[in-house]
Amino acid sequence: GQQVMQIPQYQHVQEGEDFTTYCNSSTTLSNIQWYKQRPGGHPVFLIQLVKSGEVKKQKRLTFQFGEAKKNSSLHITATQTTDVGTYFCAVLNSGGYQKVTFGIGTKLQVIP
Amino acid sequence: DAEITQSPRHKITETGRQVTLACHQTWNHNNMFWYRQDLGHGLRLIHYSYGVHDTNKGEVSDGYSVSRSNTEDLPLTLESAASSQTSVYFCASSGLADMSSYNEQFFGPGTRLTVL
């Protein structure tokens, strides 16, 4: 299956600062998904990207899929304490099935 | 509203005991998954099922088994619990694959298992 490496594993930011997490693969990805897990909670789906160079926005969150479809990023503008949590990228298995491979996650701490 | 539930939410057991974690979804999803989450390892797939009577091993399946007798349930059994199986376990489900639409996984609230 397709593997993804996610960096950084941990990030502390001051409230109001921006934050970015990256997901990289050595092979071309068919798609990329992003999930958020709040402390003590369960992962919740945020978005899926499938097209080369795709950029999608959800309020202060910007998701990008690289032109070569080997990397993706999640950027949060002006972080808030509600952004605290772990952000996972994930790759949906291509070929008509639903198995997903998750990155290790980036744990974001926002200092008020 | 459709949902996915797990029980128990917390479990403490002893080494060598058999433990079964329940997962129930009312989404009518064909696909169900079990993950374990440990610090430094993210979410690792234990077993998964694409439909009734279908089960498949994930990357960390040793010591675990599942069975799928209906659409709604995928119980996870630890045959003989070991301390290395202390973890948080998440069940998830998803619908039919369709690359033109979102194929997200819906996660249950998790079960925290401690093996002493």
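Heads up: these notes are all about the structure in this document. Quick caveat: nothing in here was measured; it's all calculated off a predicted structure.

### A word on unusual backbone geometry
Moving on, step 1. Here the amide bond leading from I7(A) into P8(A) is cis, since omega sits at -5 degrees, within 30 degrees of zero.
Moving on, step 2. Mapped onto the fold, P8(A) is located in the loop between strand 1 (5-7) and strand 2 (10-14).
Moving on, step 3. The linkage connecting S7(B) with the following residue, P8(B), adopts the cis geometry, with an omega of -10 degrees.
Moving on, step 4. With respect to the element layout, P8(B) can be found in the loop between strand 1 (4-7) and strand 2 (10-13).
Moving on, step 5. The residue K69(A) is not glycine, and still its phi comes out positive at about 60 degrees.
Moving on, step 6. Mapping K69(A) onto the fold places it in the loop between strand 7 (61-65) and strand 8 (71-76).

### Here's the deal with the pattern of salt bridges
Moving on, step 1. What the rule picks out here adds up to five salt bridges over all chains.
Moving on, step 2. With a shortest N-O distance of 3.5 Å, K56(A) and E54(A) are connected by a salt bridge.
Moving on, step 3. Among the salt bridges present, the one from E14(B) reaches R17(B), with a minimum N-O distance of 3.4 Å.
Moving on, step 4. Using a relative accessible area of 46% as the deciding quantity, one classes E14(B) as partly exposed.
Moving on, step 5. A relative accessible area of 49% places R17(B) in the partly exposed class.
Moving on, step 6. Linked through salt bridges whose partners overlap, the residues forming this network are R36(B), D38(B) and R44(B).

### Focus on the packing of aromatic side chains
Moving on, step 1. This model, assessed by the stated rule, comprises 14 aromatic pairs over all chains.
Moving on, step 2. With 6.0 Å between their ring centres and 85 degrees between their planes, Y35(A) and F107(B) make a pair best called edge-to-face. Residue Y35(A) is found in strand 4 (residues 32-37), and its partner F107(B) is found in strand 10 (residues 106-107); the two belong to separate chains.
Moving on, step 3. Judged by its relative accessible area of 5%, F107(B) falls in the buried class.

### Points about the sheet that holds strand 8 of chain A
Residues and elements named next belong to chain A.
Moving on, step 1. The sheet built from five strands is open, its strands ordered 1-3-8-7-6 with antiparallel pairing. This sheet does not close on itself; its edge strands, each paired only once, are strand 1 and strand 6 (55-58). Across the sheet, the mean angle from the axis of one strand to that of its neighbour is 15 degrees, orientation sign disregarded.
Moving on, step 2. Relative to strand 7, strand 6 is paired through four bridges, and the arrangement is antiparallel. What sits directly across from V55, in strand 7, is Q64.

### Here's the deal with the state of the cysteines
Every disulfide links exactly two cysteines, by a covalent bond between their sulfur atoms.
Moving on, step 1. Inspection of every chain in the model, using the stated rule, returns two disulfides over all chains.
Moving on, step 2. Linked covalently through their sulfurs, C23(A) and C89(A) form a disulfide whose S-S length is 1.9 Å. When the S-S torsion is 65 degrees, as for the bridge of C23(A) with C89(A), the disulfide is right-handed. Residue C23(A) is found in strand 3 (residues 19-24), and its partner C89(A) is found in strand 9 (residues 85-92); the two are separated by 66 residues along the sequence. Here C23(A) matches C89(A) in class, with each residue buried.
Moving on, step 3. Across the disulfide from C23(B) sits C91(B); the S-S distance is 1.8 Å. Between C23(B) and C91(B), the S-S dihedral sits near -70 degrees, and the bridge is therefore left-handed. Taken as a pair, C23(B) in strand 3 (residues 19-25) and C91(B) in strand 9 (residues 87-94) lie far apart in primary sequence, 68 residues in all.
Moving on, step 4. Using a relative accessible area of 0% as the deciding quantity, one classes C91(B) as buried.

The rules we used
Residues numbered from 1 in each chain as written. Chains lettered and ligands numbered in written order. Predicted model: local features only at pLDDT ≥ 70, side-chain atom pairs only at ≥ 80, totals over all residues. Heavy atoms only, no water. Helix = DSSP H or I, 4+ residues; strand = E, 2+ residues; numbered from the N terminus. Salt bridge = Lys/Arg side-chain N within 4 Å of Asp/Glu carboxyl O. Buried < 20%, exposed > 50% of the residue type's maximum accessible area, 1.4 Å probe, protein only. Phe/Tyr/Trp six-rings, centres within 6.5 Å; stacked < 30°, edge-to-face > 60°. Pairing = 2+ DSSP bridges. Axes fitted to C-alpha atoms, helices over the stretch in contact; angles between N-to-C directions. Disulfide = S-S within 2.5 Å.

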